[in-house]
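What follows is each chain in one-letter form.
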Amino acid sequence: MSAPNAAVSDNTVSFPDIEISEALIRRFDSSGPRYTSYPTADRFNAEFDQNDYLGYLSSRVGASNNPLLSVYVHLPFCESLCYFCACNKIITQDHERSAEYLRYLDKEIALVADQLGPDRKTGQLHLGGGTPTFLNTAELTHLMDTLRRHFEFTPDAELGVEIDPRTVNDKTLNMLSGLGFNRTSFGVQDFDPDVQAAVNRIQPLAMVEAALNASRQAGFESVNIDLIYGLPKQTLASFDHTLDKVLRLSPDRIALYNYAHLPSRFKAQRLIKAADLPSAEERLQIFLMSMRRLLEAGYVYIGLDHFAKPDDELNKARLDKSLHRNFQGYTTRAEYDMVGFGVSAIGKVGRSYSASVRSLKAYYQYLDEGRLPIERGYKLTDDDVLRRQIIMTLMCSMPLDFQAIRQEHGIDFSSYFDAELKRLAQFEEAGMLVRDENGLCITPKGRLFVRAIGMVFDKFLGRPTVSTYSKLI
Ligand code: SF4
């Protein structure tokens, strides 16, 4: 089944032959996880500790069919606070703090690499934060030297770094390119001055444009821009102007996130006045307008909040059915083991997930005691592995083949998932998926709602959780 681009009208987004109307969005717009993992991180438990993690790491030593590694490093420092922020970050102007953090990262990287043994072929690296470029050139060079000493990057490895345009110039971008980074993601969010003031993140178009041009000149292969709709002071007209500017910058990928205002969970968001937020109706109109404009401009809808140019790797992976999801969202890198370093980093090794402590104090204390800073995690059961495969297949809008599932997992899909298949009927009836005795497939009309469809297979939903899930719109 193909899921190509869309045409437009005022209150619908139309993939070929299919119109996604406001009414459909209102009917199926539910709150739910984004499924960068299954089970989702709020289901990880404190019974999982460093010994469990060490066991999973060492189980990879000497195995002949080890997947490549994906390495994530969390760099939590930022110079100023963006009021919408839900990340684990530390606001400080004291750049001395990153030197100490780096020393602990060195320790953690060495501890994990020791457990993994010599075969540490790595196909992906991502520096996230916080603000990775809070670190100066010497610090970033040191970090890359440490990583390269312990992990062997494949020639086609994807090395990505998140960039706050306020913190870089052409020298920084040349330095990052020189260190091997080939993908970058710019946090833009919105170009409107009133919105930028309301979220305390001032970055005029000229600043972003200069950084983006510099990254292209420095040789970055793929540039992403993050946008957020639903921010304070945002209007349909103001976001339309933001999109004019974004389209002029012509990034390879665009992520269009929905702002979830959860001030009881995220302290920074208490600085946002609820009265300044667009209404639910305005958000819906902003979302529909944005979809239409991006699709009209030639971007392809990859899934959830992600758009890419037709020749971008993400779209190629979507077309050849090799698209996957991991903690960074959609990725072309299939089923890598993931090791995370730094506070709040998350890992996925074999049938396990692990999550590191969130505070610097705890992070330093664990490492001072020679322990890995693992605070929670999860050991997947056979049923979890099966459901993960199904949910991830659906999230990537790939056909689900019942026979293949039977061969791989030894279950009869129809009887094992009898209750789930009954719950899928509402989506079938709405034309969002098609099903026969061989399998099921999400239709173009269903692609906006993959989260809701995937949730049918999530056995944890309905059980208590500390998380509040965001809505589609
Ligand atoms: S949005 Fe990014 S730059 Fe802003 S406070 Fe959060 S982590 Fe730091």
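Everything quoted here is computed from the prediction, not taken from an experiment.

(A) Representation of the overall build of the chain in the model. Each helix and strand in the chain was counted, giving 17 helices and 22 strands. In terms of C-alpha radius of gyration, the chain reaches 22 Å, essentially the compact-globule figure of 23 Å for 473 residues. With the principal axes as the frame, the chain shows a C-alpha extent of 55 × 55 × 40 Å. Put simply, the chain has 473 residues, and 42% of those count as buried. For the chain, contacts bridging at least 24 residues in sequence account for 73% of all contacts bridging at least 6.

(B) Structural view of the nonpolar core. Within the largest apolar cluster, 110 residues are counted, with the highest numbers of intra-cluster contacts made by Leu227, Ile254 and Phe307. With seven residues, the top contributor of residues to this core is helix H9 (residues 280-296). What Leu227 contacts, discounting residues up to four positions off in sequence, is Val188, Gln189, Asp190, Val246, Ile254, Ala255, Leu256 and Tyr257.

(C) A look at the domain arrangement of the chain. When cut into domains, the chain gives domain 1 (7-32 + 382-455) and domain 2 (41-339). On a C-alpha basis, the centres of domain 1 and domain 2 stand 27 Å from each other. Taken together, the 13 residues of domain 1 in the interface contact 13 residues of domain 2. When its residues are assigned to classes, the side of domain 1 that touches domain 2 shows eight nonpolar, two polar and three charged.

(D) Examining the packing of helix H8 (residues 236-249) against H9 more closely. At a closest axis distance of 10 Å, the pairing of H8 and H9 adopts a crossing angle of 25°. Of the possible angle classes, the one that applies to H8 and H9 is roughly parallel. Here H8 and H9 pass one another in a crossing that is right-handed. Contacts from Leu236, Phe239, Asp240 and Leu243 of H8 reach H9 at Glu282, Gln285, Ile286, Met289, Ser290 and Arg293. For the contact of H8 with H9, a count of residues per class yields five nonpolar, two polar and three charged.

(E) Quick look at the packing of helix H3 (residues 96-116) against helix H4 (residues 137-150). Here H3 crosses H4 at 5°, and the two axes come no closer than 10 Å. Classified by the angle their axes make, H3 and H4 are roughly parallel. Contact with H3, carried on its side by Ser98, Ala99, Leu102, Leu105, Asp106, Ile109, Ala110 and Ala113, involves Glu139, His142, Leu143, Thr146, Leu147 and His150 of H4 and no other residues of that element. Tallied by class, residues from the contact of H3 with H4 come to eight nonpolar, four polar and two charged.

(F) Geometry of the sheet that holds strand E20 (residues 400-401). Spatially, three strands are ordered E20-E22-E21 in an open sheet, and the strand pairing comes out antiparallel. Either end of the sheet is taken by a strand with one partner, and the two such strands are E20 and strand E21 (433-436). By the bridge criterion, two bridges tie E20 to strand E22 (residues 439-442) in an arrangement that is antiparallel. Bridge pairing links Asp401 to Gly439 in E22.

(G) Quick peek at H8. An ideal rise of 1.5 Å per residue puts 20 Å on 14 residues; H8 measures up with 20 Å between its terminal C-alpha atoms. Of the residues making up H8, those classed as buried are Phe239, Thr242, Leu243 and Val246. All buried residues of H8 project into a common sector of 100° when viewed along the axis, lining one side. Exposed residues on H8 whose side chains face more than 90 degrees from its buried face are Ala237, Asp244 and Arg248. Those residues of H8 that are buried are in contact with strand E9 (183-189), strand E10 (222-229), strand E11 (253-258) and H9. Phi turns positive one or two residues past the end of H8, at Ser250, with a value near 55°.

(H) Layout of the site of the ligand. Around the ligand, a shell composed of Cys78, Leu81, Cys82, Cys85, Cys87, Lys89, Gly129, Gly130, Thr131, Asp164 and Gly187 is seen. Partitioning the shell around the ligand into residue classes produces five nonpolar, four polar and two charged.

Rules of the game
- The residue count restarts for each chain, going from 1 along the sequence in the order it is written.
- At least 70 in pLDDT is required for a residue's local features to be given in this predicted model, at least 80 for side-chain atom pairs to be given and counted, and no such filter applies to totals for whole chains, interfaces and linings, which use all residues.
- Note on conventions: DSSP H or I runs of at least 4 residues are helices, E runs of at least 2 residues are strands, and numbering of each starts at the N terminus.
- The quantity called the radius of gyration is restricted to C-alpha atoms. Its globule counterpart is 2.2 Å times the number of residues to the power 0.38.
- Burial in this document is a count-based property: other C-beta atoms within 10 Å of a residue's C-beta are tallied, and the residue is buried at 20 or more, exposed at 12 or fewer, or partly exposed in between, with C-beta positions derived from the backbone.
- Whether two residues are in contact depends on their C-beta atoms, placed from the backbone: they are in contact if these lie within 7 Å.
- Think of a nonpolar core as buried Ala, Val, Leu, Ile, Met, Phe, Trp, Tyr and Cys residues chained together by C-beta atoms that fall within 7 Å.
- Domain boundaries shown here were taken from an automatic or database domain assignment.
- Here the nonpolar group is Ala, Val, Leu, Ile, Met, Phe, Trp, Tyr, Cys and Pro; Asp, Glu, Lys and Arg are the charged ones; every other residue, Gly included, is treated as polar.
- Under this scheme, a helix contributes an axis fitted over its contacting stretch, all axes are lines through C-alpha atoms, and angles between N-to-C directions fall in the 0 to 180 degree range.
- Working definition: roughly parallel below 35 degrees, roughly antiparallel above 145 degrees, roughly perpendicular at 65 to 115 degrees, and oblique for all remaining angles.
- It is the rotation of the near helix from the far one that decides the hand of a crossing: anticlockwise by less than a right angle makes it left-handed, clockwise makes it right-handed.
- One requirement defines pairing of two strands: DSSP has to find at least two bridges between them.
- Multiplying one less than the number of residues by 1.5 Å gives the expected span of a helix.
- Picture the helix axis, draw a direction to every C-beta atom, and the arc is the one those directions span.
- As a rule, any residue with its backbone-derived C-beta atom within 6 Å of a molecule or strand is reported as near that molecule or strand.

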